[in-house]
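A closer look at the structure
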Amino acid sequence: LLIADRTTEEFYSEKRKELLDEFAERKKGKASGAPPHYKRIISHHGNSYIQIVLDAYYHDIITASAVSGYLGTKLEHIPKIERDVMGFTSGLGAKL
């Protein structure tokens, strides 16, 4: 607009600064990229499936390694998944 003489230099400068400030504010508040790994695992398998797998572990039907295999993730992610789905952490990730 400035090049085409459709606005003034003053208006353009003020508006540019305003928009850059707004962009910077939005960028601060946003999380970057994809959701955390454990959230993707929960989304992929669903709460019900994960609850069944964890219940089997709690009742000594399967091992911690099997939990990791069924959920397709490393044991280090299990406590976060467990906390999100079950509402608590049993320490499963530390029971190796």
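Calculation rules
Residues numbered from 1 in each chain as written. Predicted model: local features only at pLDDT ≥ 70, side-chain atom pairs only at ≥ 80, totals over all residues. Heavy atoms only, no water. Buried < 20%, exposed > 50% of the residue type's maximum accessible area, 1.4 Å probe, protein only. Helix = DSSP H or I, 4+ residues; strand = E, 2+ residues; numbered from the N terminus. Arc of directions from axis to C-beta. Contact = heavy atoms within 4.5 Å.

With that out of the way, let us pick up helix α2 (residues 37–45). Where α2 is concerned, the buried positions are Y38, I41 and I42. Buried residues in α2, looked at end-on, bunch into an arc of 95°, giving them a common side. Seen from the open side of α2, the exposed residues pointing more than 90 degrees away from its buried face are S43 and H44. Its buried side turned inward, α2 meets α3 (47–58), α4 (64–71) and α5 (78–86). Looking one or two places after α2, you find G46, whose phi comes out positive at around 90°.

Of note in this structure, D5 is not a glycine but carries a positive phi near 55°. Along the polypeptide, D5 turns up in the segment before α1 (9–29). We note that D60 has phi near 55°; this positive angle belongs to a residue other than glycine. Tracing the sequence through the fold places D60 in the loop between α3 and α4.

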